[in-house]
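Residues per chain, in single letters:
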Amino acid sequence: HSEPVPIHPPPRPEPEHYAGFWIRALAKLLDALILLPVIAIIVYALAELMPKILPLVADWPVIPKTKTPLLVLASMFAALPALFVYQTGFLAKWGATPGKMLCRLRVVGSDGKRLSGYQAARRFGMELLLGVTVNLLFFQVSYLIAAFDDQKRTLHDRFAKTRVVRWRPPKQAG
């Protein structure tokens, strides 16, 4: 008669492995630089389409008389699918966006495991929601609280139950 092997949850990362504010800010900046050409193409395409679309809706009371606010608003909404695919796709597949990869960071669940597609989408949604509410009103406070959290979690990390950790490649044998 053999005794059952106890099943233990994976160990959580050690405190020194949580990624701090500045390295995360650098990763976010790198991601922005990577996404900039994609967003620029979207904005350019919308700018080209605006003269064709505006005459169709020019009489609508909600349409501004100048094209700039409408172009900015349309660009923001058009960029959302690209941002969603970028963030959730990379996090669910590789555990990090390219910017995080360059900084050797990974996003994991509170159990230390890779995020599912749902978890990655929830994290994106929370970051977006907080970005257009709390951060605009209170100077990026949802990011700044990471400096005072023992696991370096931002507000969207807390809601999504995620952590950003430093990643070290496995040591090669021999």
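Residues numbered from 1 in each chain as written. Predicted model: local features only at pLDDT ≥ 70, side-chain atom pairs only at ≥ 80, totals over all residues. Heavy atoms only, no water.

**Observations concerning the overall build of the protein**
Then, in step 1: In terms of regular secondary structure, the protein is built from seven helices and two strands.
Then, in step 2: Going from N to C terminus, the protein has its helices and strands arranged as α-α-α-β-α-α-α-α-β.
Then, in step 3: The proportion of buried residues among the 174 residues of the protein is 33%.
Then, in step 4: Once local pairs closer than 6 in sequence are excluded, the contacts in the protein between residues at least 24 apart make up 66%.
Then, in step 5: Summing over all exposed atoms, the protein offers an accessible surface of approximately 11700 Å²; the carbon and sulfur share of this is 70%. (Helix = DSSP H or I, 4+ residues; strand = E, 2+ residues; numbered from the N terminus. Buried < 20%, exposed > 50% of the residue type's maximum accessible area, 1.4 Å probe, protein only. Contact = heavy atoms within 4.5 Å. Areas by Shrake-Rupley, 256 points an atom, 1.4 Å probe, with all protein chains shown as cover.)

**A word on the nonpolar core**
Then, in step 1: Ala19, Ile23, Ala27, Leu91, Cys103, Leu105, Val107, Leu115, Ala120 and Val164 together form the largest nonpolar core, which totals ten residues.
Then, in step 2: Mapped by element, the contributors of at least two residues to this core are helix H1 (21-57) and strand E1 (105-109). (Core = buried A, V, L, I, M, F, W, Y, C linked by side-chain atoms within 4.5 Å.)

**Thoughts on the environment of Glu127**
Then, in step 1: By the element assignment, Glu127 lies in helix H4 (residues 117-132).
Then, in step 2: Those residues in contact with Glu127 that lie beyond four places of it in its chain are Lys28, Tyr143 and His156.

**As for the pattern of salt bridges**
Side-chain pairs of opposite charge can arise whenever the charged atoms involved come near each other.
Then, in step 1: Under the criterion given, the structure shown has five salt bridges.
Then, in step 2: The partner of Asp157 in a salt bridge is Arg123, with the nearest N and O atoms 2.9 Å apart. Of this pair, Asp157 sits in helix H7 (residues 155-160) while Arg123 sits in helix H4, placing them 34 residues apart in sequence.
Then, in step 3: For Asp149, the salt bridge is made with Arg153, and the minimal N-O distance between the two is 3.0 Å.
Then, in step 4: Residue classification places Asp149 among the buried positions, given a relative accessible area of 5%.
Then, in step 5: Taken together, the shared-partner salt bridges in this structure form one network comprising Arg24, Arg123 and Asp157. (Salt bridge = Lys/Arg side-chain N within 4 Å of Asp/Glu carboxyl O.)

**Here we look at a nonpolar patch on the surface**
Then, in step 1: Together, Leu26, Leu29, Leu33 and Leu36 give the surface a local cluster of nonpolar side chains, amounting to about 380 Å² of exposed area.
Then, in step 2: Take Leu26: it is sitting in helix H1. (Patch = residues over 30% accessible without salt bridge, like charges linked within 9 Å, V, L, I, M, F, W, Y side chains within 5 Å.)

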